[in-house]
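Each chain, letter by letter, is given below.
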Amino acid sequence: MYLLPVFVIERIVVTGYWPTQTWLDGKIPFCEWFVIPCCLWYLLLVAVGLWLLWKEREGFRRYMRFLAITFFLSELIWLLLPNGQDLRPAVMPRDNLLTRLVAGLYAIDTNTNGFPSVHVVGAIGAAWAVWKTPSLRHHPAIRRAVAVLAALIGRSTLFIKQHAVLDVASGLGLALAVGVPLYSSRRLHHFRPAIERE
């Protein structure tokens, strides 16, 4: 539901956008291996949502609230400030399965409206939700794995030229601006799953 407007707006803004790339992006090499964590973003968001829906209803509501607010604000920024980046290679430096996967991702997800990056926002939101899930408190390996995957997802967008540094930085800023007040409210600290109350 949240992703549908993303693809609609991307089809509206195709030219005349503000280019977000800077000299920092020129220092980051293209590496097709990073397409793997980038594609895992979709699986991460869905998996966390399904787990919370099954185990932690309050956590699920908070996770959905985070995604709804951050994605809406991202889409609003895209409409008010159409943006894009011109970093994608015209020709792939190599021909292999991973570069073909990158090319396929380019065809689905355009180079426009990446500021802020919803890849970064969504990955941080998923990691935050996992860290705040009481039923996973005694599973530190899962929490660390999700945090590492979220960090890799943010970095991956830079190495496959899906986003510019400014896109990633603004995504981090937006996630913090929404997540800190949302996940620091007292209601969450007092929440306990039904299995612990019995």
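Summarised in this report is the structure supplied together with it.

What counts and what doesn't
Residues numbered from 1 in each chain as written. Predicted model: local features only at pLDDT ≥ 70, side-chain atom pairs only at ≥ 80, totals over all residues. Heavy atoms only, no water. Salt bridge = Lys/Arg side-chain N within 4 Å of Asp/Glu carboxyl O. Helix = DSSP H or I, 4+ residues; strand = E, 2+ residues; numbered from the N terminus. Buried < 20%, exposed > 50% of the residue type's maximum accessible area, 1.4 Å probe, protein only. Core = buried A, V, L, I, M, F, W, Y, C linked by side-chain atoms within 4.5 Å. Contact = heavy atoms within 4.5 Å. Expected span 1.5 Å × (residues − 1). Polar contact = N/O pair within 3.5 Å; in protein donor to acceptor, adjacent residues only side chain to side chain. Patch = residues over 30% accessible without salt bridge, like charges linked within 9 Å, V, L, I, M, F, W, Y side chains within 5 Å. Areas by Shrake-Rupley, 256 points an atom, 1.4 Å probe, with all protein chains shown as cover.

1. Let's talk about the pattern of salt bridges
Thought 1: Evaluation of the coordinates by the stated rule reveals four salt bridges.
Thought 2: A salt bridge links Glu32 to Arg94; its shortest N-O distance comes to 2.7 Å. With Glu32 in the loop between β1 (18–19) and α2 (35–55) and Arg94 in the loop between β2 (83–84) and α4 (97–108), the pair connects residues that are 62 residues apart, well separated along the chain.
Thought 3: Of the charged contacts, one joins Arg100 and Asp95 as a salt bridge, the two residues approaching to 3.0 Å between their closest N and O atoms. Like Asp95, Arg100 is exposed.

2. A word on the nonpolar core
Thought 1: Counting 29 residues, the largest nonpolar core has Leu44, Val48, Tyr63, Phe66, Phe71 and Tyr183 as its most contacted members.
Thought 2: Counting only elements with at least two residues in this core, the list comes to α2, α3 (57–80), α5 (118–131), α6 (140–159) and α7 (165–183).
Thought 3: If sequence neighbours within four positions are ignored, Leu44 has contacts with Tyr63, Ala123, Ala126, Val146, Leu149 and Ile153.
Thought 4: By size, the runner-up hydrophobic cluster in this structure holds 14 residues, among which are Phe30, Phe34, Leu105 and Val120.

3. Points about the side chain of Thr157
Thought 1: As for its placement among the helices and strands, Thr157 is situated in helix α6.
Thought 2: For Thr157, a relative accessible area of 0% gives the class buried.
Thought 3: For Thr157, the residues in contact, after removing those within four places along its chain, are Cys38, His119, Gln162, His163 and Val168.

4. As for α4
Thought 1: An ideal rise of 1.5 Å per residue puts 16 Å on 12 residues; α4 measures up with 17 Å between its terminal C-alpha atoms.
Thought 2: In the core, the buried residues of α4 are packed alongside α2.
Thought 3: At the N-terminal end of α4, a side-chain oxygen is found 3.0 Å from the backbone nitrogen of Leu98, two or three residues along, and the residue is Asn96.

5. Side note on the side chain of Ser170
Thought 1: Relative to the helices and strands, Ser170 is located in helix α7.
Thought 2: Only 2.9 Å separates the side chain of Ser170 from the backbone oxygen of Leu166, close enough to count as a polar contact.
Thought 3: Polar contacts involving the side chain of Ser170 include one to the main-chain carbonyl oxygen of Asp167, which spans 2.9 Å.
Thought 4: Residues in contact with Ser170, not counting those within four places in the same chain, are Phe115, Pro116 and Ser117.

6. Overview of unusual backbone geometry
Thought 1: Here the bond from Phe115 into Pro116 is cis, since omega is 0 degrees, no more than 30 degrees from zero.
Thought 2: Mapped onto the elements, Pro116 comes out in the loop between α4 and α5.
Thought 3: Positive phi, normally seen in glycine, also occurs at Asn113, with a value near 55 degrees.
Thought 4: Within the secondary structure layout, Asn113 lies in the loop between α4 and α5.
Thought 5: For Asn113, a relative accessible area of 3% translates into the label buried.
Thought 6: Positive phi, normally seen in glycine, also occurs at Lys161, with a value near 60 degrees.
Thought 7: Inspection of the secondary structure puts Lys161 in the loop between α6 and α7.
Thought 8: Residue class for Lys161 comes out buried when judged on its relative accessible area of 8%.

7. Section: a nonpolar patch on the surface
Thought 1: A contiguous nonpolar patch, built from Trp18, Ile69, Phe72, Leu73, Leu76, Leu80, Leu81 and Leu166 and spanning about 690 Å² of accessible area, is present on the exposed surface.
Thought 2: At five residues, the largest contribution of residues to the nonpolar patch is made by α3.
Thought 3: Looking at where Leu73 falls in the secondary structure, it is placed in helix α3.

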